[in-house]
Amino acid sequence: MASSTLLLKNVRLLCTMDAAASHQVTGAEITDGGVFARDGIIEKIGKSRELPRHADTVIDLSGHIVIPGMVNTHHHLFQNLTRVVPAAQNAPLFGWLQTLYPIWRHLGPDHIYWSTALGLAELALSGCTTSSDHLYIFPNGSRLDDSLAAAKAIGVRFHGTRGSMSIGESQGGLPPDYLTESEAVILADCQRLVETHHDPGRYAMTRVALAPCSPFSVSMDLMRETAKMARSYGVGLHTHLAENSEDIDYSLASFGMRPGDYAEAVGWVGADVWHAHCVQLDAAEINLFARTGTGVAHCPCSNMRLASGIAPVRQMLDAGVKVGLGVDGSASNDSGHMLNEARQAMLLQRVMQGGDAMSARESLAVATRGGAAVLGRDDIGVLAPGYAADIVAFDCRGIDFAGAAWDPLAALVFCGPGKAAYTIINGRVVVADGKLQTMDTTALLRNHQMMTTDLMQKSGFSG
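What comes next concerns the included structure. Since the structure is predicted, the reported quantities are computational estimates derived from the model, not experimental observations.

The next subject is the overall build of the protein chain. Scanning the protein chain from terminus to terminus reveals 15 helices and 17 strands. For the protein chain, the C-alpha radius of gyration of 21 Å lies close to 23 Å, the compact-globule estimate for 463 residues. The principal-axis extent of the C-alpha atoms belonging to the protein chain is close to 65 × 45 × 45 Å. Put simply, the protein chain has 463 residues, and 60% of those count as buried. Residue pairs at least 24 apart in sequence account for 75% of intrachain contacts in the protein chain once pairs closer than 6 positions are excluded. Surface summary for the protein chain: the accessible area is close to 16600 Å², and the carbon and sulfur share equals 52%. Measuring between centres, the 35 positive side-chain charges of the protein chain sit 7 Å from its 46 negative side-chain charges.

The subject of this paragraph is the packing of aromatic side chains. Applying the stated rule across the entire model yields nine aromatic pairs. Seen from their ring centres, phenylalanine 78 and tyrosine 136 are 5.7 Å apart, and the 75° between their planes marks the pair as edge-to-face. Residue phenylalanine 78 is located in the loop between strand E6 (70-72) and helix H2 (93-104), and its partner tyrosine 136 is located in the loop between strand E7 (128-135) and helix H4 (144-154); the two are separated by 58 residues in the primary sequence. Overall, phenylalanine 78 belongs to the buried group, its relative accessible area being 2%.

On the secondary structure map, leucine 375 appears in the loop between helix H13 (360-374) and strand E14 (391-395). Sequence-wise, leucine 375 and leucine 222 are 153 residues apart; in three dimensions their C-alpha atoms are separated by 22 Å. Leaving out residues up to four positions away in the same chain, leucine 375 has contacts with Val71, Thr73, Thr130, Ser132, His159 and Trp274.

Bringing the pattern of salt bridges into the picture now. Going through the model one piece at a time under the given rule, you end up with 22 salt bridges. Residue arginine 202 is joined to aspartate 378 by a salt bridge in which the shortest nitrogen-to-oxygen separation is 2.7 Å. A residue pair is termed long-range when its members are at least 10 positions apart, and arginine 202 in the loop between helix H5 (183-197) and strand E9 (206-212) and aspartate 378 in the loop between H13 and E14 qualify at 176 residues. Note that glutamate 362 and arginine 314 form a salt bridge whose closest N and O atoms lie 2.9 Å from each other. Of this pair, glutamate 362 sits in helix H13 while arginine 314 sits in helix H11 (residues 313-319); the two residues are 48 residues apart in sequence, bridging distant segments of the chain. With relative accessibility at 13%, the residue arginine 314 sits in the buried group. Each of Arg143, Asp145, Arg162, Glu181, Asp189 and Arg192 takes part in salt bridges that share partners, so that together they form one network.

How each quantity is defined
Residues numbered from 1 in each chain as written. Predicted model: local features only at pLDDT ≥ 70, side-chain atom pairs only at ≥ 80, totals over all residues. Heavy atoms only, no water. Helix = DSSP H or I, 4+ residues; strand = E, 2+ residues; numbered from the N terminus. Rg over C-alpha atoms; globule rule 2.2 N^0.38 Å. Buried < 20%, exposed > 50% of the residue type's maximum accessible area, 1.4 Å probe, protein only. Contact = heavy atoms within 4.5 Å. Areas by Shrake-Rupley, 256 points an atom, 1.4 Å probe, with all protein chains shown as cover. Lys, Arg positive; Asp, Glu negative; His and termini not counted. Charge placed at Lys NZ, Arg CZ, Asp CG, Glu CD. Phe/Tyr/Trp six-rings, centres within 6.5 Å; stacked < 30°, edge-to-face > 60°. Salt bridge = Lys/Arg side-chain N within 4 Å of Asp/Glu carboxyl O.

Structural data, given as structure tokens:
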């Protein structure tokens, strides 16, 4: 089979994020830069004049800023069917969940497929090329397979996580019993999914991780057994941890320990683990995560929306903790825009610690290279030979970036937030000229609206 080549040329500013090579936060920043890739893998980075002149696909990116594709480390894609539900708009985490559980009980396979497709399209349009998703409820025949199929259709690199809830209200947990599953069923489906869908290879488009929902919805036994299974297969582990003060209180009351001690007790620390939120980690827990290589998915917009607090990201980074960004579910963020998440991450640390607490370049590094590290990948998040051709370009010639020529890279975070002009994943153009190329957007929106209307009707919503 003949190889396929891609040439990006005349880039106004190309940011590689290859910090190991340059000893700078963002790696080399190349003016009039370009990228040459073959079969989805980068072969050469440099000045446009230094690259091959011909390729199967050539894109002139004059006036554009190019960065590695951003990596979303935490999401609940099904939740975009329930954005801005009135009764949940002003509730903190536990009340918010208890309002939405009765609606989510009506989800089915089509809801999962179309919400995943729409959410990944939204992410791709914002410059995200790899996304994790935490699907933890499976009513009415829903399966993680439905999400995996949608991700393949959109063309986003995807880490689907098989979530679970086994401890319902009758046993002292938060979720209603009708959304829980037996632990035997959970473990059997985890095994099936890993054996059927997980690709451990370099440049994999599909990976599976195991993800019990939270300490307040599963047993300690399930946490331990899930960790044992994941490590026998070499797949990742993901859950929510220390999201807000109620989370801490539940952990102390139910287990007699803080979240960090709980995670260590059930075997949930290590380079194969990443925890979402971690807003309420203390210094000892931050040091535990740094020492063990445990990752954190930082979700600033969701943390603000649910009044969970400000995660101590500056302390985490200084301690050596792996930190990536997550947009979180679109019922607790109501948006899936990665640049906006990077902007809020920077601003929140400044609110907490001062104007120099986090720079624009640091937040971009967390959004790209940091997210790749959290997901355990050394083939994405950087633009360098041997890395996947996951590349995004932003046109900086519009109103949003006017007057920002002093530092166009920082403008991606300080200004806007803008939408991607081009999103390229594994060498394939998924977004071109700001438009999705892999699925008809009109049909996508129509099907998604049908799913939302169905949930509203079944839930008795009369708005």
